[in-house]
Amino acid sequence: MSHFNSLKFNFLYKKAGLLFIIGFLLSLSPTFAQISVNKMIFFAGSFDQLQEEGKKKNTPYFVFVHAKNNKFDSVTFANQYVQTYVKKRYLAQKLQAPSLYADYVVKKYEVKSFPQILIFTPQGKLVDRITSYLSPKQMIARLKLHESKTGSPDDRASAFAKAANPELSLKLQTEGEIQEVYHFSIRPYGVEEKTIGIQLGVFENYQNLVNNVSELEVHWHDNILVTFVEIDGKMLYRLLLGPFYSYEHAEVYNKNLKEKMGLRGILVSLEDFDPITEENKDKYLLENIETPVESENPNKR
């Protein structure tokens, strides 16, 4: 055998040996190839970006919220059939709580246990909530129930804009006789000095008021106030969130309403419903409040 042929033989021998070793390792671990090649693809952006992507691609999506190691990760989402199905039919997002993105979804959709999966239409309507473990087969079956569904959530911003009336609000302020302030359970609610409310709108129609209060409660607001105001024998309704015990607290909350829900509120005194402006806000500042309370911290809400 020539020197060249000898080298060629050794090379082929070593290559065959290497292939044998790799094959042997794969035979010992049948899931090795799946783990190394297949992986559940989760959307990398924010929840708002996920919603936009769902609308753009006309694709349903789900959000997987978890707090620690769980069987969904280790079994269901590790299954290649689940991975293939989701890749073709859904957008998926994974959020670990606590975190900024997860906390927003947890509060908005009242996620009370982990892990939990929220399923949405392409237009953003919540259609299902998975609160207990599902096997790969069960997971695919559950997702198939909703893959063709459509429907949009109620547009909170436009609903308030249509029902609220700025001109009527001014008329209430100048002509109306203020009645009792109520917590909408319904029970009378005593107003403390130097407390602030965020006024979301004034309603002529009681049903519009009830619909919007219901919508606020669904989206984790539990600080809803309503006042009844009578003008010329007609009862009108002012919808607020509160009370807030400092200007700083109310201002941060109001900004969050605009950024996260698209709602535009105005800060008013709960004593006389006068708007709080740069000229009169000083007495509501934290430094001028004699008896601080826990809820003054803007980060509490």
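What comes next concerns the included structure. Bear in mind that the values here come from a model prediction, so they are computed numbers and not experimental data.

A word on helix α6 (residues 100–108)
- Buried within α6 are the following residues: Ala-102, Tyr-104, Val-105, Val-106 and Lys-108.
- Directly after α6, the chain includes Glu-110, whose backbone phi takes a positive value near 50 degrees.

Observations concerning unusual backbone geometry
- A cis geometry characterises the amide bond from Ala-97 onward to Pro-98, with omega recorded as -5 degrees.
- Tracing the backbone through its elements, the reader meets Pro-98 in the loop between β2 (91–96) and α6.
- Each neighbour pair has its own omega, and for Phe-114 with Pro-115 the value is -10 degrees, a cis peptide bond.
- Residue position: Pro-115 is located in the loop between α6 and β3 (116–120).
- Here Asn-58, not a glycine, exhibits a phi torsion of approximately 55 degrees, which is positive.
- Within the secondary structure layout, Asn-58 lies in the loop between α3 (47–57) and β1 (61–66).
- Backbone geometry at Asp-232 places phi at a positive 50 degrees, although glycine is not the residue there.
- For Asp-232, the position within the fold is in the loop between β8 (224–231) and β9 (234–244).
- In this structure Asp-232 comes out as exposed when scored by relative accessible area, which is 73%.

Some remarks on the sheet that holds β2
- The strand order β2-β1-β3-β4 describes an open sheet built from 4 strands, whose pairing is mixed. At either margin of the open sheet sits one strand with a lone partner, and together these are β2 and β4 (126–130). Each strand axis lies, on average, 15 degrees off the axis of its neighbour in the sheet, ignoring direction.
- Summarising the sheet, β3 and β4 pair through 4 bridges and their orientation is antiparallel.

Observations concerning the pairing of strand β7 (residues 196–203)
- With respect to burial, β7 is a largely interior element, 8 of its 8 residues being buried.
- In this structure, β7 lies alongside β9, joined through 6 bridges in antiparallel fashion. Note that in β9 the partner of Gln-199 across the bridge is Leu-240.
- With 4 bridges connecting them, β7 and strand β10 (residues 266–269) associate as antiparallel partners. If you follow Ile-196 over to β10, its bridge partner there is Ser-269.

Quick look at the packing of aromatic side chains
- Applying the stated criterion across every chain, the model contains 16 aromatic pairs.
- Both rings, one in Phe-64 and one in Phe-77, keep their centres 5.1 Å apart while their planes meet at 75 degrees; by these two values the pair is edge-to-face. In this pair, Phe-64 sits in strand β1 while Phe-77 sits in the loop between α4 (71–76) and α5 (80–89), placing the two residues 13 residues apart along the sequence.
- Taking relative accessible area as the criterion, Phe-64 reaches 0% and is therefore assigned buried.
- Each residue in the set Phe-42, Phe-62, Phe-64, Phe-72, Phe-77, Tyr-85, Tyr-90 and Tyr-133 is aromatic and connected to the rest through ring pairs, giving one cluster.
- Above the ring of Phe-273, the side-chain terminus of Arg-238 is found at 4.4 Å from the ring centroid.

Description of the environment of Lys-88
- When you line up the elements, Lys-88 lands in helix α5.
- You can call Lys-88 exposed: its relative accessible area is 67%.
- Here the alpha-carbon distance between Lys-88 and Thr-59, two residues 29 residues apart in the chain, equals 9.6 Å.

Reading the values: rules and limits
Residues numbered from 1 in each chain as written. Predicted model: local features only at pLDDT ≥ 70, side-chain atom pairs only at ≥ 80, totals over all residues. Heavy atoms only, no water. Buried < 20%, exposed > 50% of the residue type's maximum accessible area, 1.4 Å probe, protein only. Helix = DSSP H or I, 4+ residues; strand = E, 2+ residues; numbered from the N terminus. Pairing = 2+ DSSP bridges. Axes fitted to C-alpha atoms, helices over the stretch in contact; angles between N-to-C directions. Phe/Tyr/Trp six-rings, centres within 6.5 Å; stacked < 30°, edge-to-face > 60°. Lys NZ or Arg CZ within 6 Å of the ring centre and 35° of its normal.

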